[in-house]
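# Remarks on the overall topology
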Amino acid sequence: MPMQVDLIETFLDLMETRSFNRTAERLNITQSTVSHRVKALEAQFNRKLFTRNKGGTVPTAAGLRFLDYAKALQNQWHEATRAVTSAGALERSMRLGIQHDLAEAFAGEWLAAIRLDLPTTEIYMEADYSNQMNRDLGAGDLDLALLYTPHYLPDLHYERIGDLHYVMVSRDAASLSDIRIETYIQAIYSPAFDRAHRLALPHLSAAPVASGQNMAITMLLHSLGGAAYVTAATADRLVHSGRAKLVADAPVVPQTVYAATSLRTRHAHQHRKIIGAMQVLLSAGSDAAAGS
């Protein structure tokens, strides 16, 4: 049987665009090629996958049933392609995504633990934001991601693995009553963090400057002064170096961390090892934050 990946990818794109012409443009092929590929798939199933009328292209019941399987087939093909083309002396490869602030805090220790537990696994890691990592997981471009905001997509599995704690520091004020909105730098690390911040500190939730990355906020504090929420580890460094003060009466805001994988790999040995390594780091970080 000829390779089916082009048929699958054309089907999935057509499910998004609902337009043979638009899919042809996006895939850089002719409209007749789109039609040929759809007909080839329909011939294999002996079922119509789409109907075309004046209102556009509409998937049939058979097309809707095939959608989840097509996504899984596409993901498996991407995984197989990466595994075969990058094959060297190592037995397997893993592509990992990690939230920017987690990477800043734990990337080195995390990868060291992974290399110790999985010495025959090739690791690629990239730092990103949750929205992109959810998309990459859904498309099969990542094998596992550690993120702040799950999207609960049908083919993905999410589990809470711990918390990263953020605390308020200031260049000049040691008390929450002395923090001024005019010089406050608002942290929006995730929708959940933003909600918790607005509930706890509504008077500081319309600041003139905001950012969603710990490193950027640290640089803004250095340049602009004022106050902001940073990770507990960053706060500790800033306080001990004399560059900021801890705002002791400001609430600590925990950010939940989730591990995300595909449903079929959620129990895989290497996935559990990689997730477990971060759980250990987050637990140690939480204990340190509680003791400080």
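Residues numbered from 1 in each chain as written. Predicted model: local features only at pLDDT ≥ 70, side-chain atom pairs only at ≥ 80, totals over all residues. Heavy atoms only, no water.

The name an unreviewed UniProt entry assigns to the protein is DNA-binding transcriptional LysR family regulator, from the organism Ensifer adhaerens.

### Thoughts on the confidence of the model for the protein
Heads up, the rule is: The quantity known as pLDDT measures the predictor's confidence residue by residue, on a range of 0 to 100. Counting from the N terminus, the helices are DSSP H or I runs at least four residues long and the strands are E runs at least two residues long.
Taken residue by residue, the protein gives an average pLDDT of 91. The fraction at 70 or more is 94%. Taking the mean pLDDT of every element in the protein, the minimum, 82, falls on helix H4 (residues 61–85) and the maximum, 98, on strand S5 (residues 144–147).

### A short note on the pattern of salt bridges
To keep it simple, the criterion reads: By definition here, a salt bridge exists when the distance from a side-chain nitrogen of Lys or Arg to a carboxyl oxygen of Asp or Glu is within 4 Å. When accessible area is computed with a 1.4 Å probe and restricted to protein chains, residues below 20% of their type maximum are described as buried, those above 50% as exposed, and intermediate ones as partly exposed.
In the structure shown here, the tally under the stated rule is 10 salt bridges. Residues Asp6 and Arg37 are paired through a salt bridge, measuring 4.0 Å at the closest nitrogen-oxygen approach. One end of the pair, Asp6, is in helix H1 (residues 5–17); the other, Arg37, is in helix H3 (residues 31–45), and 31 residues separate them in sequence. Arg26 is the partner of Glu16 in a salt bridge, and the nearest nitrogen-oxygen pair spans 2.8 Å. With Glu16 in helix H1 and Arg26 in helix H2 (residues 20–27), this pair connects stretches of sequence that are 10 residues apart. Judged by relative accessible area, which is 61%, Glu16 ranks as exposed. Taking relative accessible area as the criterion, Arg26 reaches 37% and is therefore assigned partly exposed. Linked through salt bridges whose partners overlap, the residues forming this network are Asp13, Glu16 and Arg26.

### Details of unusual backbone geometry
The phi dihedral of Asn28 is positive, around 60°, even though this residue is not glycine. As for its placement among the helices and strands, Asn28 is situated in the loop between H2 and H3. Judged by relative accessible area, which is 72%, Asn28 ranks as exposed.

### Topic: the pairing of strand S3 (residues 92–99)
Using the following cut-off: DSSP calls a pair of strands paired once it identifies at least 2 bridges connecting them. A right-handed crossover is one whose linking path, passing over the helix from the first strand to the second, runs clockwise when the strands point away from the viewer.
Of the pairings in the sheet, the one linking S3 to strand S4 (residues 121–128) comprises 8 bridges and is parallel in character. Bridging across to S4, Arg92 finds its partner in Thr121. Considered for its hand, the β-α-β crossover made up of S3, helix H5 (residues 100–117) and S4 is right-handed. Examined bridge by bridge, S3 and S5 share 3 bridges and lie parallel to one another. Its bridge partner lying in S5, Leu96 is registered against Leu144.

### Some thoughts on the packing of aromatic side chains
Where two aromatic rings form a pair, the distance of their centres and the angle of their planes describe that pair. For clarity, the cut-off: Aromatic pairs are defined between Phe, Tyr and Trp rings, using the six-membered ring for Trp, whenever the two ring centres lie within 6.5 Å; interplanar angles under 30 degrees are classed as stacked, those over 60 as edge-to-face, and all others as tilted. Put simply, a charge is over a ring when the Lys NZ or the Arg CZ is close to the ring centre, within 6 Å, and near the line of the ring normal, within 35 degrees.
Under the definition given, this model contains 8 aromatic pairs. Aromatic pair Tyr189 and Phe193: ring centres 5.0 Å apart, planes at 80°, arrangement edge-to-face. As far as burial versus exposure is concerned, Tyr189 and Phe193 are alike and both buried. Each ring, one from Phe193 and one from Tyr229, has its centre 6.1 Å from the other, and the planes form 80°; the classification is edge-to-face. Linking Phe193 in helix H7 (residues 191–200) with Tyr229 in strand S9 (residues 227–231), this pair joins segments that are 36 residues apart in sequence. As far as burial versus exposure is concerned, Phe193 and Tyr229 are alike and both buried. Each residue in the set Phe11, Phe45, Phe50 and Phe66 is aromatic and connected to the rest through ring pairs, giving one cluster. The ring centre of Phe20 lies 3.9 Å from the NZ or CZ of Arg52, which sits over that ring.

### Focus: the packing of H2 against H3
Heads up, the condition is: Each axis is a line fitted through C-alpha atoms, and for a helix only the stretch in contact is used; angles between axes span 0 to 180 degrees, taken between their N-to-C directions. Oblique is the label for any angle not under 35 degrees, not over 145, and not in the 65 to 115 range, which are roughly parallel, roughly antiparallel and roughly perpendicular in turn. In this analysis, two residues are considered to be in contact whenever any of their non-hydrogen atoms come within 4.5 Å of each other. Polar here means any residue other than Ala, Val, Leu, Ile, Met, Phe, Trp, Tyr, Cys and Pro, which are nonpolar, and Asp, Glu, Lys and Arg, which are charged; Gly is therefore polar.
Two elements in contact, H2 and H3, have axes separated by 8 Å at closest approach and are oriented at 105°. Between H2 and H3, the angle is such that the two are roughly perpendicular. On H3, the residues that touch Phe20, Asn21, Thr23 and Ala24 of H2 are Gln31, Val34, Ser35 and Val38. Grouping the constituent residues of the contact of H2 with H3 by class yields 4 nonpolar, 4 polar and no charged.

### Quick word on the side chain of Ser205
Our working definition: Nitrogen and oxygen atoms within 3.5 Å of one another constitute a polar contact, given that in protein one can donate a hydrogen and the other can accept it, and given that sequence-neighbouring residues count only through two side-chain atoms.
Position of Ser205 among the secondary structure elements: in the loop between H7 and strand S8 (209–211). Given the relative accessible area of 9%, Ser205 is considered buried. A polar atom in the side chain of Ser205 sits 3.3 Å from the side chain of His197. If we skip the residues at most four places from it in the chain, Ser205 touches Ile181, Gln186, His197 and Arg198.

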